[in-house]
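Fold and geometry: a report
Read off the chains here:
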Amino acid sequence: VQLQASGGGLVQAGGSLRLSCAASRRTTVISYVMGWFRQAPGKEREFVAAISWSGGITYYADSEKGRFTISRDNAKNTVYLQMNSLKPEDTAVYYCAAAMAPRDYSGRFPPEYWGQGTLVTVSS
């Protein structure tokens with residue numbers, strides 16, 4: 001599975017961005033949990049959000065709850081991350097990721113596949 005992330009950019013604090021991650025392989029036969037991670041300068045990569053293959057179950061890191069929304073469209077093999085009320089500390093390279101999992105699994109997971117990353121910069 002190849003993942004292609006897009007949608008990053010420069011935004012002012014309080015603004016919004018929507019990231020997209022397109023998968024190269026159809027995910028309708030084999031179920032994959034998909035999610036987003038991020039890596040800020042000088043910091044380790046951290047988990048942001050995940051969504052089950054079925055799309056019905058989501059899971060977020062505590063700092064993103066209420067501000068970020070993850071969703072997916074299996075017909076388009078795409079997962080999204082809507083980010084609202086952005087803060088300067090959200091500045092990072094955002095990576096989408098995927099791993100085989102039961103259809104209703106959502107939570108932290110060890111990725112089997114990574115996208116190339118898209119840079120989000122939030123100015124104060």
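It should be noted that the structure appears before, not after, this text.
Now for a description of the structure that goes with this document.

Cut-offs applied
- Each chain carries its own residue numbering, running from 1 in the direction its sequence is written.
- Reporting in this predicted model follows two pLDDT cut-offs: at least 70 for local features of residues, and 80 or more for side-chain atom pairs to be given and counted; totals over whole chains, interfaces and linings ignore these cut-offs and use all residues.
- Values reported for side chains reflect all heavy atoms of the structure, with hydrogen atoms and water molecules removed beforehand.
- Burial here depends on accessible area, computed with a 1.4 Å probe over protein chains only, as a share of the maximum for the residue type. Under 20% is buried, over 50% is exposed, and the range in between is partly exposed.
- Runs of E in the DSSP output that reach at least two residues are strands. Runs of H or I that reach at least four are helices, and both are numbered from the N terminus.
- Pairing between strands is defined by DSSP: at least two bridges between the two strands are required.
- Axes here mean lines fitted to C-alpha atoms, for a helix over just the part in contact, with angles spanning 0 to 180 degrees between N-to-C directions.
- A contact between two residues is defined here by any heavy atoms of the two lying within 4.5 Å.
- Paired rings are identified among Phe, Tyr and Trp, the last through its six-membered ring, by centres lying within 6.5 Å, and are further divided according to the angle between planes into stacked (under 30 degrees), edge-to-face (over 60) and tilted (the rest).
- Definition used: whenever NZ (Lys) or CZ (Arg) falls within 6 Å of the ring centre and also within 35 degrees of the ring normal, the charge is taken to sit over that ring.

1. A look at the pairing of strand 9 (residues 92–100)
Burial runs high along strand 9: seven of the nine residues are buried. The sheet contact formed by strand 9 and strand 11 (residues 118–123) spans three bridges and is antiparallel. Each residue of the ladder has a partner; that of V93, found in strand 11, is L119. Where strand 9 meets strand 10 (residues 113–114), two bridges bridge the pair, whose relative direction is antiparallel. Within strand 10, the position partnered with A98 by the bridge is Y113.

2. Remarks on the sheet that holds strand 7 (residues 68–73)
Within the open sheet, the four strands sit side by side as 1-3-8-7. Their pairing is antiparallel. Both edges of this open sheet fall to strand 1 (3–6) and strand 7, since each of them pairs with a single strand only. For this sheet, the mean inter-axis angle between neighbouring strands, taken without regard to orientation, is 15 degrees.

3. Quick look at the environment of A49
Mapped onto the elements of the fold, A49 is located in strand 5 (residues 46–51). Taking the C-alpha atoms as reference points, A49 and F68, 19 residues apart in sequence, are found 8.2 Å from one another. What A49 contacts, discounting residues up to four positions off in sequence, is M34, G35, W36, Y59, Y60, I70 and L81.

4. Quick look at the packing of aromatic side chains
Taken as a whole, this structure holds six aromatic pairs when the rule is applied. Considering the side-chain rings of Y32 and Y113, the 6.1 Å spacing of their centres and the 65 degrees angle between planes classify their relative orientation as edge-to-face. With Y32 in strand 4 (residues 32–39) and Y113 in strand 10, this residue pair connects regions lying 81 residues apart in the sequence. Its relative accessible area of 2% is what places Y32 among the buried residues. Between the aromatic rings of F37 and F47, the centroid separation amounts to 5.6 Å while the plane-to-plane angle is 80 degrees, which identifies the pairing as edge-to-face. Separated by ten residues along the polypeptide, F37 in strand 4 and F47 in strand 5 bring together distant segments of the chain. According to the relative accessible area criterion, F37 is buried, its value standing at 8%. In textbook terms, an aromatic cluster arises when at least three aromatic residues are bridged by ring pairs, as seen for F37, F47, Y59, Y95, F109 and W114. Above the plane of the ring of Y95 lies R45, whose end atom (NZ or CZ) is 3.7 Å from the centre.

5. A look at the environment of S24
For S24, the position within the fold is in the loop between strand 3 (17–23) and strand 4. Aside from chain neighbours lying at most four places away, what touches S24 is V1 and Q2.

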